[in-house]
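Secondary and tertiary structure notes
Chain by chain, the residues run as shown.
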Amino acid sequence: PETGLSTDAGLALQRAADAMNVGGFQVETQVQPGLPPVAVPAATIEAVVGVLLQNSRQAGARQAGISLRTLDGQVLIEAADDGPGVSAADAARLFEPFFTTRRAQGGTGLGLSIARSLLAANGGTIELAHSDRGARFVATLPPAA
C-alpha cells in the first residue's frame, strides 16, 4: 500500500457510477455521510466499481445499486443488481483468472481477478455475498491512517 494515501471513496465511487449510468442501465448510488478517507487510490476504487457494474450490465441487469458505508472500522462498497445472479457452480470459480461465462460475447474472465488483486495490494478485499435476487458483492477498503 502507498504510504500516507488518503482518498475520498465517495467521489471515486460516484465517478465510476456516472460513467456506467447510460444506455438503459441505471445505477443508483448511496454514500453514508461522514465517511473517513481510505488508503486505496481513487483509480483502484473506480476500476473495481467499473468491473462490478460492467459485469452486471453484461449479465443482463437493467439496474444496479452501489453503496458506501462503514462497518467495524472498514469502509464497505456494496454492489447489487437485478440480473440473473451467480450460479453456485460459477460462484466457486468467479475470481479465478480467465474464468468467464461470457467468452462468446468477448469476456476475458479477468475483471474480478484484477479487481481482487488491486484491492489486496492496498489491504482491501472483495467477495461475492449472498443475495436472494441478482448478484451482490461486498468490498472492504481500509481507512487512511
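In what follows, the structure referred to is the one given above.
In short, a report on the structure. Fair warning: this is a prediction, and the values are worked out from it, not measured in the lab.

**Some thoughts on the pairing of strand S1 (residues 26-31)**
Across 6 bridges, the pairing between S1 and strand S2 (residues 63-71) is parallel. Residue pairing in the sheet places threonine 29 in a bridge with isoleucine 66 of S2. One crossover worth recording links S1 to the parallel S2 by way of helix H2 (residues 42-58), and it is left-handed.

**A closer look at helix H4 (residues 111-120)**
Among the residues of H4, Leu112, Ser113, Ala115 and Leu119 are the ones counted as buried. Relative to the axis of H4, the buried residues are bounded by an arc of 165° and lie together on one face. Where H4 is buried, its residues meet H2, strand S4 (125-128) and strand S5 (136-141).

**Some details on H2**
Since the α-helix turns once every 3.6 residues, residues separated by three or four places project in the same direction. For H2, with 17 residues, the first-to-last C-alpha span of 24 Å sits near the 24 Å given by 1.5 Å per residue. Of all the residues in H2, the buried ones are Thr44, Ile45, Val48, Val49, Val51, Leu52, Leu53 and Ser56. Positive phi appears at glycine 60, one or two residues downstream of H2, with a value of about 105°.

**Focus: unusual backbone geometry**
A positive phi is found at aspartate 72, a non-glycine position, where the angle reads about 50°. The exposure class of aspartate 72 is exposed, given its relative accessible area of 74%. In this model, phenylalanine 98 sits at a positive phi of 75°, which is unusual for a non-glycine residue. Of the residues examined, phenylalanine 98 reaches a relative accessible area of 54% and is grouped as exposed.

**Focus: the packing of aromatic side chains**
Counted according to the given criterion, the structure contains 1 aromatic pair. Their ring planes at 85° and their centres at 6.3 Å tell us that phenylalanine 95 and phenylalanine 137 sit as a pair that is edge-to-face. Residue phenylalanine 95 is located in the loop between helix H3 (88-91) and H4, and its partner phenylalanine 137 is located in strand S5; the two are separated by 42 residues in the primary sequence. Both residues of the pair, phenylalanine 95 and phenylalanine 137, belong to the buried class.

What counts and how
- Residues numbered from 1 in each chain as written.
- Predicted model: local features only at pLDDT ≥ 70, side-chain atom pairs only at ≥ 80, totals over all residues.
- Heavy atoms only, no water.
- Pairing = 2+ DSSP bridges.
- Helix = DSSP H or I, 4+ residues; strand = E, 2+ residues; numbered from the N terminus.
- Right-handed = clockwise from strand over helix to strand, strands pointing away.
- Buried < 20%, exposed > 50% of the residue type's maximum accessible area, 1.4 Å probe, protein only.
- Arc of directions from axis to C-beta.
- Contact = heavy atoms within 4.5 Å.
- Expected span 1.5 Å × (residues − 1).
- Phe/Tyr/Trp six-rings, centres within 6.5 Å; stacked < 30°, edge-to-face > 60°.

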